[in-house]
Structure formats: structure tokens, C-alpha cells
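Below are the chains, spelled out letter by letter.
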Protein chains: 2
Amino acid sequence: MEEESPRSYYRHNRLKQLRAFCHAAQERSISRAAKRLGLSQPSVSLQIQALERELGITLFERRGPRIRLTPDGETLYELAGPLVEDIDGLPERFAAHHSRQQLGRLDIAAGESSSLYVLPELLRAFMARHPKVHVRLHNLTGQDLVTAVRQDQVDIAIGSSLDLPDDVVYKATYTYNLKLITPRDHMLADQDEITLNDLGAGELILPPRHLTTWRLVNLVFQQHDIPCKVRLEVGGWEIMKRYVELGFGIGIASSICLTGEERLAIRDLPDVFPRRTYGVMLRRGRFLSPQARRFLELMAPEVFSEGNEWEGGVPDARESVLVPAR
Amino acid sequence: MEEESPRSYYRHNRLKQLRAFCHAAQERSISRAAKRLGLSQPSVSLQIQALERELGITLFERRGPRIRLTPDGETLYELAGPLVEDIDGLPERFAAHHSRQQLGRLDIAAGESSSLYVLPELLRAFMARHPKVHVRLHNLTGQDLVTAVRQDQVDIAIGSSLDLPDDVVYKATYTYNLKLITPRDHMLADQDEITLNDLGAGELILPPRHLTTWRLVNLVFQQHDIPCKVRLEVGGWEIMKRYVELGFGIGIASSICLTGEERLAIRDLPDVFPRRTYGVMLRRGRFLSPQARRFLELMAPEVFSEGNEWEGGVPDARESVLVPAR
DNA sequence: CATTAGCTATTGATTATTTCAATATTAAAA
DNA sequence: TTTTAATATTGAAATAATCAATAGCTAATG
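Asks: I would appreciate a short explanation of the pattern of salt bridges in the present structure.
Replies: Two side chains that carry opposite charge are able to pair once their charged atoms sit near each other. Taken as a whole, this structure holds 34 salt bridges over all chains when the rule is applied. Arg209(A) is the salt-bridge partner of Glu233(A), the closest N and O atoms lying 3.4 Å from each other. Placement of the pair is Glu233(A) in strand E9 (residues 230-233) and Arg209(A) in the loop between strand E8 (204-206) and helix H10 (212-223), with a sequence separation of 24 residues. The exposure class assigned to Arg209(A) is exposed, which follows from its relative accessible area of 51%. Residues joined by salt bridges that share partners form a network here, namely Glu61(A), Arg68(A), Asp152(B), Asp155(B), Arg283(B) and Arg286(B).

What follows is the structure in C-alpha cells.
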């Protein structure tokens, strides 16, 4: 009786059969069930017969114009009734799930500077507005950021990166300059013009190699063929500022990490240093969760507004990180 | 976009769509899903497309030869996955439910005499064999017994009834005589022949009017046009026996309730009293639960054996209660 | 006891849906 | 760039669902 191929196992429209059966069981009448289902009576009758034939059981006593559930029918109704209701109510339940967008998770990858200086304000606003979203902030740097985005380990990444693969989109949202920081009593603090040579002359304190700034600074010196003596490589911006204050040397830092409370002299750098941007990295073509979309709207409404090219679609524009934003 | 008629609401094969979707989500591949389902790749692809169209959402990112679930897709998979599995596993779960026949309920309606003298032995055996069946013994009499059977309030009824409607089948399983019971020192205890007139002469104690015996006795006296003086009507067999012992009169009782331990004289009645039968009442055409079928097999194997006309079918034979069984 | 009312089953033609083979298209990998 | 391996599309064929008409059944009614 039972065939083997998977094809035959899923045969016919089992749901339609069960629906016909369940409604008939509830109404205690095939005709009424047909009316409720918007079908003809023979249609419902045949569905139930097919179900009985395929299951090899009798579901209804049929004594002329009356039908009654058999014990088997009762059993099946108990099993199938909830399932049919659940499936037929699926669109509504889905919509409900979808509409309370407060729920869910948001995974953000960010570098140290983003985490320290860019995100706090943003996250405060976002979490206030979406108190039930569970946010996870992953600390990654450089290429790991890109990898996390490519492999869907996070919804979005915040940071700046020099070279991006084709399938990652970058949207710059903040622009910052690199600044020279020196002790207040340093020679360069009052000097009119500052040249690359002044910087390369020594005493330079740089952030760790895996940060974009390190690579950027190195790139500039190489392009201008100017040697660059580095005194110290430190583990982060706050540490660099501290060592500059203490007179260990001069540093090049993103203006983003300068709050104005430091006891430092802050000077512009020569124009050869490009402006840096911080922005969002997304896997190209990624469908964003509602939470992620909300976050992006909050972060840069003019770029990620509801209903623009991001809406459920494939982001297409690319921007070089080395080109100033706007 | 959404139509209103119930017809359009249940349209297409929603289950097939969800099945295609869920398998594709698990396999992360439409082709592999198709293979598992025994379908062609375009078939599954089209099912998923239809589902997306009808739900108005995108379930998969499609970037060339790769697909990934969108957030909406993940949500739907969480909702629909279990449902699809449940429905596709329904035949197995049904079979499982069906095979552990120990479970379930058995509703028996019975009169006082059946409950007191016929059923205990039967129920002990049945309950020992089917320890998990929940048995409910309903105490009803006369027409209520019939009503309960007709309205499916009980699975079966045990008792004897004088007139049965067409849609109730009666199967006699035990035959009993009516007996005359008197005090041991009563005049009739030693009399050779006992006539109707002897009985009607007075001192008769009868059971309550709603019992079959009462109607039967009355019928016999009426048919023979013999007056019958009743001294006392009591509430049950045990009570009647007690009052006869105490010398209040003589009684007519079913032999079924005479255990032999009574301090009574027991005499046969004139032949004009028909033999009574106790038996099973069933609604004609009723599909019996496995429990009920087991009980009947136990009660009268020769009548209700596995695989005879009762097997899921319509019992057809009728028997008059006034015709001696066998 | 025949009749009616109300329901279900059956049938055959019709319609809608699903399916497949062949083919086009796509994007990543070689 | 070509290859590869996946999905999308298409149009025709197979399959399943549907309906109108009708037959059959039972219980209730006069």
C-alpha cells in the first residue's frame, strides 16, 4: 500500500484534505464545511474520502444525511486540528512577529575607536528607542571586521578600512581629520608650518599596526619618500595621548578621539594626509533585519532612509575610503 | 492584493510551498531540497517564489548560485518548520496513538442489576487487562439507557429493555429467569404448583416502576386478566430481598440477583413469565473505540469476535427482548 | 406507508495547479 | 577569461481539484 519514493510520500494536498476534514468535524456537516471553505460539497467530500483512503482509516460514520466522527476521526482531529489552524493562521502570526520589531538581536562589529568615540552616543539613542533589542558589540579590527561582515557573523560593521573586497559595501557617515598631537611645550606646538619632514624627524608615537591609521601614516611617508622614525608603538588612542602628554614624543591621531580635555597641543597636519572617514560596512546584497535598518536610519538618516535603494534590495554604490565623504 | 472570499484565502497548496521552503532553508540549496523531496529544481524554485509572492516578503537572498535566508526567511522558518514536520509526521503519530490502545476512555451505561450482578466480574477482568483505560460506569435505567446510547453519551449500554428504537441494536448475552422469592416459612415455599392467582392474591413486593421487571410483571398480569395486589414497591433488589426475608410479602426477582446466600425460599414462576435476557445495547452503525471493542470481546467472544460483522461496520441483526436468547 | 426534506456520494467534464525538460542567467572559482 | 555550479524562466504536459448535475440514503412528517 505505502510506496517508497519521497515523491509519493508528500503526494496530494494533505493540507487541503486535513482542512476539509477538520472543518467537517467542527461543523458536523460536510455541506456546511464546504460553505465555510467556499467550496462545493462534492469537493470537500472527495477530499475527506481521499484522506481516509490514504490513511487507511474511516473518519466519519456516514448514515445517510448524518455524519459523525469515528473514534479514529476524533483522534485525528485532536492531532490535526491545531496544526491546520496554525498553518492557516501563519500569515497573521508572521505579520505579528514582524510588527513588534522591538524584539530581536543586533550584532555590530566595530574597531576600538568606533566603539570608544562614535558608538556610545548612537547606541544610547538606539537602545532607548528599542529597549527590547539585544545588542551585541563585537570588538574587531582591520580585516577581521571585513571577514565578520562577509560571513554574516554580524549585521553591520562600523569602522574605516583601506581596501574592501567587492562584496562589501562601505558607506561613509563621519569624516575626520588626522591631527598632530604634541606636548604643550613641544617645539612643533607653536611652529607655523608643519612638514612631513618635521614629523619623520623622530619622536613619533603611532598606534598599533593593525589599525588603519598606522597603515595610512606609513603609506603617506612612503609615497613622499620620506623616512620616518618611530619611537613608540602603543596599544590604543588613550594610551597614545597619555604618552604624548608625558613627553615621550608626538603622535598622529584621529580628531575623533580628541575630546578637548587633554593637556595637549593639537595641530593640523599637512594636506598630504587624506581625510579619514568612519562608516558602515555591509555585505553586498545583505537583507537587513528590521533592527539593523533602524540602527542605520538613526546613524545616517540621509543615507539609509526608509524606502531608498537599501529597502530590501541590493546596495550598489561603492565608495573609496580614501575619498573624502561629501 | 489580498482578496476576500474564503476561496482565495486557502488558495494553492500552502503546505507544499512551506515544505519546499523549509527544506531549502535546511539544505541552504534549492537543488538539494528538490532532490530530497523527489522533485525537480524548478518545481521547488517556483513553490518558493509563489510563497514569497503571496506573503509579500522575500525569503531568500539570491545572489547567483547561492541563496541565503533573509531575516524574514529566518522568522518564517522558525514559525513554519515545526508545523511542516508535524504535518508530514502525522501518519506516524496517528499510528502511534492508535497502537497504544491501552489509553482512552470507556463509557458504559448500566442499570442497577447489571451494575451490581453482571458487571463486577467483567470489569475486573477488563480493567486488569487494560489498566490504563479510564472506565466510567453510568447508572441509568430504562429509557435513559436507550437515550444515552442513541446520543453517543456512552459507548455501550448493558441491561435489558422491552422496546428499542430502530437505531439501537440489542445483543443478548445472558439469559435469566424470573423467580419467586418468599420467606422460608411461607405457604408458597412448599406448594407444588404456583399459579398467577397465587401471586396476585396479595403480599406482592415489586421493584420500582422504572425497572423492566416491574413492567414485565404488570404486562403478564394484564395479559391474563388477573388482578394483582401489590403490598410494597421498593427501591432495588437488595432492598426487596431484605423485606421478603423480614416477612413483608413475596417478591419477583431476576435470578441474577440471587446469590444463594439469602435466607429465602426460591421457586420457579409459571411459564407465562418469559425468560429475561441481559445484553448490550449499541447505536446502530456506531464505530466502536478499540476499548469498547475489547470490552465486548471479553463479554461475549462468540458474538463480538474480531473481524465479524461488527468490525468497523454496521451491526444489522435485531433481537426482541421478549424472545428467549438461544 | 408513502412523501418530503436534508444531507452525502458519485460521475464526467472543466479548470487550475504542479511538474518537468530544456534553456537562460548569474556569480564565484579556476 | 573560461568554467562551474547553482538558480530562474519558459512552455508544454501531467496531475489534481473543482463543479454542476444527479443519484442515493435516512429520519421525520403527514
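That covers the picture; the talk isn't over yet.
Asks: What exactly am I supposed to notice about the protein's contact with DNA strand D here?
Replies: Not every one of the 24 residues close to DNA strand D is listed here, only the nearest: Ser40(A), Ile30(B), Ser31(B), Ser45(B) and Arg62(B). For DNA strand D, the backbone makes up 72% of the atoms found within 4 Å of the protein, where backbone means sugar plus phosphate. Taking Ser43(A), its side chain carries an N or O atom lying 3.1 Å from a phosphate oxygen of DNA strand D. A distance of 3.0 Å separates a base nitrogen of DNA strand D from a polar side-chain atom of Gln41(B). Elements represented by at least two residues in the surface near DNA strand D include exactly helix H4 (41-55) of chain A together with helix H3 (30-37) and helix H4 (41-55) of chain B. Residues belonging to the surface near DNA strand D are distributed by class as follows: eight nonpolar, 13 polar and three charged.

Asks: What should I look at first to understand the pairing of strand E7 (residues 178-182) of chain A in this one?
Replies: Look at any regular strand and the pattern is simple: side chains alternate between the two faces of the sheet. All names here are of chain A. Of all five residues making up E7, five are buried, and the element is well covered by its neighbours. With burial as the criterion, each face of E7 is covered, one bearing Leu178, Leu180 and Thr182 and the other bearing Lys179 and Ile181. Of the strand pairs in this sheet, E7 and strand E10 (residues 250-254) are connected by four bridges, and their pairing is antiparallel. Its bridge partner being in E10, Leu180 is matched across the sheet by Ile252. For E7 and strand E11 (residues 265-268), the ladder comprises four bridges, and the chain directions are antiparallel. If you follow Thr182 over to E11, its bridge partner there is Ala265.

Asks: Got a minute to help me understand the interface of chain B and chain A in this structure?
Replies: A common way to report how large an interface is uses the accessible area buried once the components associate. Listed by partner, the interface residues are 51 residues for chain B and 50 residues for chain A. Summed over both sides, the interface of chain B with chain A buries roughly 4,400 Å², with 65% coming from carbon and sulfur. Summed over the shared surface of chain B and chain A, the number is four salt bridges. Two residues, Asp152(B) and Arg68(A), come together in a salt bridge whose shortest N-O distance is 2.6 Å. Linking chain B with chain A are eight residue pairs in polar contact (both at pLDDT 80 or more). Elements that contribute at least two residues to the side of chain B that touches chain A include exactly helix H1 (6-9), helix H2 (14-27), H3, strand E1 (60-63), helix H5 (71-88) and helix H6 (90-99) of chain B. Looking at the side of chain B that touches chain A residue by residue, the class counts come to 20 nonpolar, 13 polar and 18 charged.

Procedures and definitions
- Residues numbered from 1 in each chain as written.
- Chains lettered and ligands numbered in written order.
- Predicted model: local features only at pLDDT ≥ 70, side-chain atom pairs only at ≥ 80, totals over all residues.
- Heavy atoms only, no water.
- Salt bridge = Lys/Arg side-chain N within 4 Å of Asp/Glu carboxyl O.
- Helix = DSSP H or I, 4+ residues; strand = E, 2+ residues; numbered from the N terminus.
- Buried < 20%, exposed > 50% of the residue type's maximum accessible area, 1.4 Å probe, protein only.
- Near = heavy atom within 4 Å.
- Polar contact = N/O pair within 3.5 Å; in protein donor to acceptor, adjacent residues only side chain to side chain.
- Nonpolar A, V, L, I, M, F, W, Y, C, P; charged D, E, K, R; others polar.
- Pairing = 2+ DSSP bridges.
- Contact = heavy atoms within 4.5 Å.
- Buried area = accessible area lost by both parts, 1.4 Å probe.

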